[in-house]
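Observations on the three-dimensional arrangement
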Amino acid sequence: MPLICVCSPKGGVGKTTLTANLAYALSRAGNKVLAIDFDVQNALRLHFGVPLSDGRGFVAKATESPDWSQFVLSAGGNIFVLPYGDATEPQREAFEARLVQDEHFLLRGLSTLLNYPGLIIIADFPPGPSPALKALSRLADLHLVSLLADTASLSLLPQVENHRLTGEVLNRKAGYYVVLNQSDNRRQISRDVTAFMEQRLGERLMGVVHRDESVIEANASQQSIFDFSPASAAAFDIELIARKVTNILGVRVGDGTVHSQPKMSGF
């Protein structure tokens, strides 16, 4: 059960969009994929066709329920999503307090999902440090850090390198990799930042996703980039990143077979 965390030191870098499209790319290879949203904005679900009015999610009941798999929604095919959901401020605060105070809280809630055979889990987090990121980082197999090809993201790279996101080594298994998002070859600064990142990070740069208007249009239509514009540059870039992720983690291409049947929606 590979667990991938997608995080960033800043907002507005396309992190949630990357999470969703990477989930789609991994599922296209025949893997069962679950996308989990730890961001209070609750936006990840919208990439999988969940209506804006649908407030279902796991956070509101997380402190009461020992098994969060009951809140999983099917997004069709091999894709599933565990939305943050509508939660009151007291519910959010209680959830985050338990993440900090109880080191087994996250493991208990996700136990069924973490033990589901052949399931790839990819988790999205709010920008910057967060209790959820720190708690799940201890279980994660790989971290992807999303940054833009701009000077603002470049200035925050030391925060990643100096372990400021969690206060400790970001990943002690397969490590962390950077994905440079919205690189625009038409802009000099974008080309310069991309070149610098390639030189600075080397193999630690997982990939570069080129700026592509079809990504925005796909988001607006609640579709994956692969369904909306399969021949687009961004679709190619994300497909390549997905292949690198599976190679690093040693993921075998799934056949869609369910080997055991936990009690969760759509599995």
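What this report covers is the structure whose coordinates are included nearby. (Residues numbered from 1 in each chain as written. Predicted model: local features only at pLDDT ≥ 70, side-chain atom pairs only at ≥ 80, totals over all residues. Heavy atoms only, no water.)

Here's the deal with the packing of helix α2 (residues 89-101) against helix α3 (residues 105-114)
Look at α2 against α3: their axes get within 7 Å of each other, and the N-to-C directions meet at 105°. Classified by the interaxial angle, the pair formed by α2 and α3 is roughly perpendicular. Facing F95, R98 and L99 of α2, the residues of α3 in contact are F105, L106 and R108. Here the contact of α2 with α3 is composed, by residue class, of four nonpolar, no polar and two charged. (Axes fitted to C-alpha atoms, helices over the stretch in contact; angles between N-to-C directions. Helix = DSSP H or I, 4+ residues; strand = E, 2+ residues; numbered from the N terminus. Parallel < 35°, antiparallel > 145°, perpendicular 65-115°, else oblique. Contact = heavy atoms within 4.5 Å. Nonpolar A, V, L, I, M, F, W, Y, C, P; charged D, E, K, R; others polar.)

Quick notes on the nonpolar core
Residues F38, F58 and L110 are the most contacted members of the largest nonpolar core, which totals 47 residues. No other element matches α3, which puts five residues into this core. In contact with F58, other than residues within four places in its own chain, are I36, D37, F38, W68, F71, L82, P83, Y84 and F95. (Core = buried A, V, L, I, M, F, W, Y, C linked by side-chain atoms within 4.5 Å. Buried < 20%, exposed > 50% of the residue type's maximum accessible area, 1.4 Å probe, protein only.)

Let's talk about the pairing of strand β5 (residues 119-124)
Most of β5 is tucked away: six of the six residues are buried. Taking every second residue as pointing to the same face, both faces of β5 are buried, with L119, I121 and A123 on one and I120, I122 and D124 on the other. Two strands pair when backbone bridges link them, and strand β1 (residues 3-7) and β5 are joined in this way by four bridges, in the parallel orientation. By the bridge assignment for β5, C5 is matched with A123. (Pairing = 2+ DSSP bridges.)

Observations concerning the sheet that holds strand β3 (residues 73-74)
With mixed pairing, eight strands are arranged side by side in an open sheet as β3-β4-β2-β5-β1-β6-β7-β8. Either end of the sheet is taken by a strand with one partner, and the two such strands are β3 and β8 (205-210). Judged from the five bridges that link them, strand β7 (residues 176-183) and β8 form a sheet pairing that is parallel. When the sheet's bridge partners are listed, N181 is paired in β8 with V209. Across the sheet, helix α1 (residues 15-28) touches β1, β2 (32-37), β4 (79-82), β5, β6 (142-148) and β7, and the angle it forms with β5 is around 170°. The strands touched by α3 are β1, β2, β4 and β5; relative to β5, the strand with the most contacts, the crossing angle is about 140°.

A short note on the pattern of salt bridges
It is possible for side chains of opposite charge to pair when their charged atoms get near one another. Across all of its chains, the model carries twelve salt bridges by this definition. Residues D102 and R98 are paired through a salt bridge, measuring 3.7 Å at the closest nitrogen-oxygen approach. E168 serves as the salt-bridge partner of R138, at 3.8 Å between the closest nitrogen and oxygen. In this pair, R138 sits in the loop between α4 (131-137) and β6 while E168 sits in the loop between α5 (151-161) and β7, placing the two residues 30 residues apart along the sequence. Taken together, the shared-partner salt bridges connect E89, R92 and E96 into one network. (Salt bridge = Lys/Arg side-chain N within 4 Å of Asp/Glu carboxyl O.)

With respect to helix α7 (residues 213-220)
Restricting attention to buried positions, one finds in α7 the residues S214, V215 and A218. Each buried residue of α7 sits inside an arc of 105° when the element is viewed along its axis, so together they form one side. Its buried side turned inward, α7 meets α1, α8 (225-228) and α9 (233-249). Q222 lies just past α7 and shows a positive phi near 55°. (Arc of directions from axis to C-beta.)

Some remarks on unusual backbone geometry
One non-glycine residue, H163, lies in the positive phi region at around 65°. Along the chain, the position of H163 falls in the loop between α5 and β7. Among the residues examined, H163 registers a relative accessible area of 32% and is labelled partly exposed. One non-glycine residue, Q182, lies in the positive phi region at around 55°. Tracing the chain through its elements places Q182 in strand β7. The exposure class of Q182 is partly exposed, given its relative accessible area of 32%.

Take it as geometry only, folks, not as evidence of what the structure does.
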